[in-house]
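# What the coordinates show
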Amino acid sequence: MTVHKLTAPPSDAEVDAWLGVLTAAAAVDRVPAPSRAEVAGRLRVPPLPRRAVYWARDDGAGVASLILFTDPGNAHAAYLDVLAVRPHVRRRGVGTELWERVRTELLARGRTSISTLVDLGGPGQAFAESLGFENVLPMSWYVQDLTGEPAPLAPVPVPAGYELLYWPGLVPPRWADALAVAHRAMEDAPGGDTDLLFLGWTAQRVRAAQQLFIDRGGEPTTVAAVTPAGEVAAYTVLVVPDPTDPAGPRGLQHDTVVVPAHRGRGLGRAVKLAMLAEARSRHPALREIDTTVADENAPMRAVNAALGYRRERAAAVFRLGL
């Protein structure tokens, strides 16, 4: 069998083949499986301005996707977003065949570094290490289960001098610049030896990232703590990739940021608690919220524990120099 590169836009049959591989792999690896709408959105809406490349085995045994960074300073790097093989054909060279296609693409485009997120203790880690990837940022997945009877939420404690604002979809234009400034506080988040240059965010980039979630069929929501002077002192972002998922929608907690000058006042907990209440209100069928936190980020791990997140599995960013 051969591996072919998907052309844009992929056909319904190609989307279904991708979904079949990811669903089969997720069932054995005990990780959340994406919905069809989520897979279709990711395959059909490119992560501009980055470039994405997709491959699939003709027999439906495996799939792979690569994201090539185009930001100045990061044009040497790439991210292996997916490399999945159906469980019944693992250890038969399918993964290696897909990797060789990825590697050929990397070398042809002059890339010298590639990273990927891997669950620890499973086949993904063993395969990555066999290729020479190294663990450069240990982290863990944390999950908040919302399928049981919801406990009553206490009023969100908002520290004096701050106001909580809720932005479903795109951030309003008048707050986009302030949100971009706050996002730059991510620069001091644990990054390990990931070899990527942190780039300052602009209002345009913030709204483009949110628009990508929307174009792929998802619903992003931002909760921000703001000051009377118009600063965004803290914020958190929740994305529901497929609000219509027949299995019940799932939320992904993305950035939670507190600007250094406003830390130590409970703002991280406030915005995350407010987001939880907002998510329950907007998506009553929401079954869980997943997030990753670097192991060395003790303050955020403490906030998550206080809000009921449980550690589900260990993971790490792995990197390979070419």
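Whatever comes next refers back to the structure up there.
Every value quoted in this text rests on a predicted model; they were computed, and no experiment measured them.

Within the protein one finds 8 helices and 12 strands. In terms of C-alpha radius of gyration, the protein reaches 20 Å, essentially the compact-globule figure of 20 Å for 322 residues. Dimensions of the protein along its principal axes, counting C-alpha atoms only, are 65 × 45 × 35 Å. Counting across all 322 residues of the protein, residues that qualify as buried make up 49%. Pairs at least 24 residues apart make up 72% of the contacts formed inside the protein by residues separated by at least 6 positions. Total accessible area computed for the protein in this model is approximately 15,100 Å², and 55% of it derives from carbon and sulfur atoms.

Let us look at the sheet that holds strand E3 (residues 62-68). Spatially, the 12 strands line up as an open sheet ordered E1-E2-E3-E4-E5-E12-E6-E11-E10-E9-E8-E7, and their pairing is mixed. Lying at the two open borders of the sheet, with one neighbouring strand each, are strand E1 (3-5) and strand E7 (163-168). Across the sheet, the mean angle separating the axes of adjacent strands is 25 degrees when strand polarity is ignored. For strand E5 (residues 113-119) and strand E12 (residues 310-321), the ladder comprises 7 bridges, and the chain directions are antiparallel. Residue pairing across strands places Leu117 opposite Val317, the latter belonging to E12. In the packing of helix H8 (residues 298-306) onto the sheet, the strands contacted are strand E6 (134-145), strand E10 (250-258) and strand E11 (288-294), and the crossing angle to E11 comes to about 160 degrees.

Take the packing of aromatic side chains next. For the structure on display, the rule yields 3 aromatic pairs. For the pair Trp18 and Tyr54, a centre-to-centre distance of 5.9 Å together with 80 degrees between the ring planes defines the contact as edge-to-face. Of this pair, Trp18 sits in helix H1 (residues 12-29) while Tyr54 sits in strand E2 (residues 51-57), and the two are 36 residues apart along the sequence. Classification of Trp18 by relative accessible area gives buried; the value is 3%. Overall, Tyr54 belongs to the buried group, its relative accessible area being 14%. Between the aromatic rings of Trp167 and Trp175, the centroid separation amounts to 5.8 Å while the plane-to-plane angle is 35 degrees, which identifies the pairing as tilted. Summarising the burial analysis for this pair, Trp167 and Trp175 share the class buried.

A separate point is the pairing of E12. Where E6 and E12 come together, 9 bridges link them in antiparallel fashion. When the sheet's bridge partners are listed, Trp141 is paired in E12 with Arg313.

In this section: the pattern of salt bridges. Overall, the coordinates contain 16 salt bridges when judged by the stated rule. The salt bridge involving Arg36 is made with Asp12; its shortest N-O contact spans 3.7 Å. Of the two residues, Arg36 sits in helix H2 (residues 36-44) while Asp12 sits in helix H1, which places them 24 residues apart along the sequence. When its relative accessible area of 45% is taken as the criterion, Asp12 is described as partly exposed. Through salt bridges that share partners, Asp12, Asp16, Arg36 and Arg44 make up one connected network.

Glancing now at the nonpolar core. Most often, soluble globular proteins have nonpolar side chains that are buried together. Residues Leu267 and Ile289 are the most contacted members of the largest nonpolar core, which totals 25 residues. Counting only elements with at least two residues in this core, the list comes to strand E8 (219-226), strand E9 (232-240), helix H7 (267-282), E11 and H8. At 7 residues, the largest contribution of residues to this core is made by H7. When near neighbours in sequence (up to four residues on either side) are disregarded, Leu267 contacts Pro159, Tyr162, Ala225, Ala233, Ala234, Val258 and His262.

So, about the pairing of E11. Most of E11 sits inside the fold, with 6 of its 7 residues counted as buried. Where E10 meets E11, 3 bridges bridge the pair, whose relative direction is parallel. Pairing of Gly251 across the sheet is with Ile289, part of E11.

Glancing now at the side chain of Thr221. Its place among the elements puts Thr221 in strand E8. A relative accessible area of 5% places Thr221 in the buried class. Apart from residues lying up to four places away in sequence, Thr221 is in contact with Trp167, Pro168, Thr236, Val237, Leu238, Met275, Glu278 and Arg282.

As a further point, take the environment of Asp242. Residue position: Asp242 is located in the loop between E9 and E10. Taking C-alpha positions, Asp242 is 29 Å from Leu137, a pair spaced 105 residues apart along the chain. The residues contacting Asp242, other than those within four sequence positions of it, are Ser35, Ala37, Gly217 and Pro249.

Parameters and conventions
Residues numbered from 1 in each chain as written. Predicted model: local features only at pLDDT ≥ 70, side-chain atom pairs only at ≥ 80, totals over all residues. Heavy atoms only, no water. Helix = DSSP H or I, 4+ residues; strand = E, 2+ residues; numbered from the N terminus. Rg over C-alpha atoms; globule rule 2.2 N^0.38 Å. Buried < 20%, exposed > 50% of the residue type's maximum accessible area, 1.4 Å probe, protein only. Contact = heavy atoms within 4.5 Å. Areas by Shrake-Rupley, 256 points an atom, 1.4 Å probe, with all protein chains shown as cover. Pairing = 2+ DSSP bridges. Axes fitted to C-alpha atoms, helices over the stretch in contact; angles between N-to-C directions. Phe/Tyr/Trp six-rings, centres within 6.5 Å; stacked < 30°, edge-to-face > 60°. Salt bridge = Lys/Arg side-chain N within 4 Å of Asp/Glu carboxyl O. Core = buried A, V, L, I, M, F, W, Y, C linked by side-chain atoms within 4.5 Å.

Bear in mind that shape data such as this cannot, by itself, settle questions of function.
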